[in-house]
Every structure is written in structure tokens, then in C-alpha cells.
Amino acid sequence: MSLEVSILVPDRVFWKDKAVEIILPTLSGQMGILNNHIPVLTGLDTGVMLIRESSSSDWMVIAVMGGFALVKNNTVTVLVNEAELPSD
């Protein structure tokens, strides 16, 4: 199984896809999320979010600028002030 991940910025859906693992830059340090993680709502710090997609063993890097993440029922919703890919 995989996680359904959505990254939302104030004006649009920045990224939405499936992933097998993500690492979030929380206010208290990095938090890894795998399938069947317990429900959690956490604040996010400015930092790097890592996503390992279902179709790849490579990590996708996204810079996020503060916000919140909700993990529930294998769905991860990330609400951030701004997000950027390395190519942006």
C-alpha cells in the first residue's frame, strides 16, 4: 500500500500523488511517515520535505516554508505557506 500525499499552498494544489515514505520538517525535528502511521497533526518548520514515490527509489526534495501536516488513514495533507522544487 501507499500514502496519498497532497501539498497545498494558499492559492493552489502544489503536488498530489502517491508515495511510499515521506519525511517532514516538524517543529521538533524530522518525522518519517510510512503506511499505517498513527493519526497525527503537527506543525511544520521551514525546511526540506522528502518524498519517496511509489514508482521510484529516488527521493523527491521539496522546500517548504512553515505550515501544518495532517496524517490520517494513509492520507497525508500538508498545508504550507510556500513550497518550491529544486528546479523552481
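Note that this is a predicted model, so its numbers are computed, not measured.

Reading the values: the criteria
- Residues numbered from 1 in each chain as written.
- Predicted model: local features only at pLDDT ≥ 70, side-chain atom pairs only at ≥ 80, totals over all residues.
- Heavy atoms only, no water.
- Pairing = 2+ DSSP bridges.
- Helix = DSSP H or I, 4+ residues; strand = E, 2+ residues; numbered from the N terminus.
- Buried < 20%, exposed > 50% of the residue type's maximum accessible area, 1.4 Å probe, protein only.

(A) Inspection of the pairing of strand 5 (residues 59–72) at higher detail. One ladder, built from twelve bridges, connects strand 4 (residues 40–53) with strand 5; its direction is antiparallel. By the bridge assignment, Thr 42 is partnered in strand 5 with Ala 69. Here strand 4 folds back onto strand 5 in antiparallel fashion, the turn holding five residues. In this structure, strand 5 lies alongside strand 7 (residues 83–84), joined through two bridges in antiparallel fashion. Residue pairing for strand 7: Val 64 is matched across the bridge by Ala 83. As judged from the six bridges shared by strand 5 and strand 6 (residues 75–80), these two strands associate in the antiparallel manner. Its bridge partner being in strand 6, Val 71 is matched across the sheet by Val 76. Here strand 5 folds back onto strand 6, and the loop between the two strands holds two residues, one of which, Asn 73, carries a positive phi near 50°.

(B) View of the pairing of strand 6. Residues Val 76, Val 78 and Val 80 line the buried face of strand 6, whereas the alternating positions Thr 75, Thr 77 and Leu 79 sit on a face that is not buried. Strand direction decides the pairing type here: strand 1 (residues 3–9) and strand 6, joined by five bridges, are parallel. In the strand pairing of strand 6, Glu 4 is matched with Thr 75.

(C) Geometry of unusual backbone geometry. At Asn 36, a position not held by glycine, the phi torsion is positive, near 65°. Along the chain, the position of Asn 36 falls in the loop between strand 3 (29–33) and strand 4. A positive phi angle is found at Asn 73, which is not glycine, with a value near 50°. Mapping Asn 73 onto the fold places it in the loop between strand 5 and strand 6.

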